[in-house]
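The chain contents come next:
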Amino acid sequence: MATPLIWPEHRRGLTLEVERLLQPDRGQGPGPGHAGPEGRALLLVSLDAYNRITFNLGQAQANLVLDEVELMLTDFVGENGLVVRSARDEFAVLLRRADANEARRVAQTIQARARRVECGLTRPLLSVSVGVRTASAGEGAEDVLAAAGVALEAAKAGGRGKMKVFEPFMLDAIEVRHRLSSDLAAAVRDGALTVAYQPIVSLQTGRVQGVEALARWTHPALGIIRPDEFLPLAEELGIAAELDHHILTTALAQTNAWTSDLPLAPDFSVSVNITASQLQHLEYIDRVRHALGEAGVAPSSLVLEITEASFVAGDDVDTYSLQGLRRLGVGLDIDDFGTGYSSISYLQRLPVSRAKIDRSLLGNVATDPDQRRFLGAILRLVEACGLTVVIEGIETAEQALAVAELGAAYGQGYYFSRPMPAEQMTAFLEETLERPLAPFAGGPGTSAFAEGRGPSARR
């Protein structure tokens with residue numbers, strides 16, 4: 001079992017503390033002053049996105065954030081444990097009396113308290129990932145440290161702010177993850193990732209207004225790897241920029257081919273997702289300008305999609321990059337709008353023109369009057385800010401009809417088509433030029449798709 005990444009200057013001291021933690025208790029039992037669980041626990045607490053904090057605030061201010069976290073941990077743990085700095089952005093919490101349930105409770109409380117630590121950023125707030133390993137007296141310190149490191153890695157694999165208690169099966173999962181990391185880096189380097197395209201459809205005319213370009217990866221041994229697995233991994237590995245650029249250049253080249261060969265509408269566009277970290281690089285605008293020039297595509301034919309979380313958490317550098325992209329003529333979409341942020345003031349201050357309403361807000365809009373009113377209110381609010389609306393996740397004719405009647409401009413989802421390779425999308429565009437996809441023509445149940453006559457019926 002591999003040991004966790006611990007600074008060499010801290011490793012020996014931490015190992016000694018874990019050895020002391022695991023020494024058998026002396027005496028006859030816990031006694032009145034030692035009520036509580038008799039097990040031990042090691043928690044590895046790691047700050048999420050520490051590099052971003054350092055970039056935004058500078059190293060001196062980031063160090064103060066670490067000091068605040070250490071003070072919070074020490075104050076909370078009290079006499080029942082010990083806090084040891086184990087890495088640049090990681091702490092070890094040793095609990096003398098804690099079974100699995102108590103360790104989970106401590107970990108969850110630590111995560112809640114961490115969100116209240118002031119880190120000089122807007123939302124999302126500071127978060128920590130926690131790996132937990134419970135232990136018994138007499139176990140080896142190195143094994144306990146290694147298992148806690150595996151649990152922490154499993155927690156990080158699940159996204160920000162997660163907690164995992166070590167289980168033996170995690171060893172296999174971590175081994176697979178390490179293999180994926182190596183193979184993904186090679187795939188990005190060699191340009192082995194492919195692009196699938198999903199249409200964005202006008203709900204009023206049935207015309208395909210554009211497509212969204214989506215990264216796809218087929219592993220030579222493991223088969224299709226889901227985007228929600230390999231995209232966060234690319235961020236962790238620091239190769240997200242290269243991945244995004246590959247998708248961007250591939251999508252732009254394909255867009256040039258489509259607009260040259262097909263009589264598409266002048267406002268046809270391709271949407272490409274980018275990660276928030278891209279906006280922190282001032283040269284990103286020049287990279288986009290160069291990619292457009294190389295592909296021979298007008299800036300107005302490119303839309304960059306950035307998640308709502310990235311917009312809300314952004315700083316002045318992000319805003320500068322967004323404004324530069326808009327001056328270039330590139331469109332900007334807020335992706336996954338409505339996924340948990342209460343403030344919408346950013347809708348008026350950021351240079352965006354379209355909001356993609358997350359599928360979680362669609363609900364039973366076709367049959368539930370309350371959901372229909374709720375979604376309608378969101379549409380009116382977004383439109384009042386001067387933004388056009390795209391509804392994501394449309395899967396039925398009834399949903400398409402309902403959101404069209406609410407006034408949404410565009411829709412996207414499996415009802416129109418699943419994401420498909422460029423060759424299939426070319427055929428899809430050719431056919432829909434002759435016969436638009438009007439989902440509400442004649443009412444629900446009588447559209448081309450409802451009758452099985454639409455392009456997606458053959459896919």
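Predicted model only: the values in this text are computed from it and were never measured.

A. Quick look at the pairing of strand β7 (residues 208-219). Counted residue by residue, β7 has 10 buried out of 12 residues, so it is predominantly covered. Direction of pairing for strand β6 (residues 194-202) relative to β7: antiparallel, over a ladder of 8 bridges. Residue pairing in the sheet places I200 in a bridge with G210 of β7. Where β6 folds back on β7, the antiparallel hairpin that results is connected by 5 residues, among which G206 adopts a positive phi of roughly 80 degrees. Note: β7 against strand β9 (residues 269-273), 4 bridges, orientation parallel. Residue pairing for β9: A213 is matched across the bridge by V272. Here β7 runs beside strand β8 (residues 223-225); their pairing, made up of 3 bridges, is antiparallel. When the sheet's bridge partners are listed, T218 is paired in β8 with I224.

B. Structural context of the sheet that holds strand β5 (residues 163-165). If you walk across this open sheet you meet the 5 strands as β2-β3-β1-β4-β5, and the pairing is mixed. Of all strands in the sheet, those bounded by a partner on one side alone are β2 (81-87) and β5. Across the sheet, the axes of successive neighbouring strands diverge by a mean angle of 20 degrees, strand direction being ignored. Sheet topology note: the strand β1 (residues 40-47)/strand β4 (residues 128-135) ladder contains 8 bridges and is antiparallel. Paired with L47 across the two strands is V128, which belongs to β4. Here helix α5 (residues 141-157) sits on the sheet and contacts β1, β3 (90-95), β4 and β5; the angle it forms with β4, its principal contact strand, is near 145 degrees.

C. Structural context of the nonpolar core. Counting 80 residues, the largest nonpolar core has V288, L302, L304 and I357 as its most contacted members. Each residue touching L304, except ones within four places of it in the same chain, is listed here: V272, I274, Y284, V288, L325, V330, G331, L332 and D333. Judged by nonpolar contacts, the second largest core, of 31 residues, contains A62, L73, A114 and V117.

D. Local environment of the confidence of the model for the chain. Looking at the chain, the pLDDT average stands at 84 and 84% of residues meet or exceed 70. The low-confidence segment residues 441-459 (pLDDT under 50) makes 35 contacts with residues lying over four places distant or belonging to another chain.

The rules behind each value
- Residues numbered from 1 in each chain as written.
- Predicted model: local features only at pLDDT ≥ 70, side-chain atom pairs only at ≥ 80, totals over all residues.
- Heavy atoms only, no water.
- Buried < 20%, exposed > 50% of the residue type's maximum accessible area, 1.4 Å probe, protein only.
- Helix = DSSP H or I, 4+ residues; strand = E, 2+ residues; numbered from the N terminus.
- Pairing = 2+ DSSP bridges.
- Axes fitted to C-alpha atoms, helices over the stretch in contact; angles between N-to-C directions.
- Contact = heavy atoms within 4.5 Å.
- Core = buried A, V, L, I, M, F, W, Y, C linked by side-chain atoms within 4.5 Å.
- pLDDT = per-residue confidence, 0-100.

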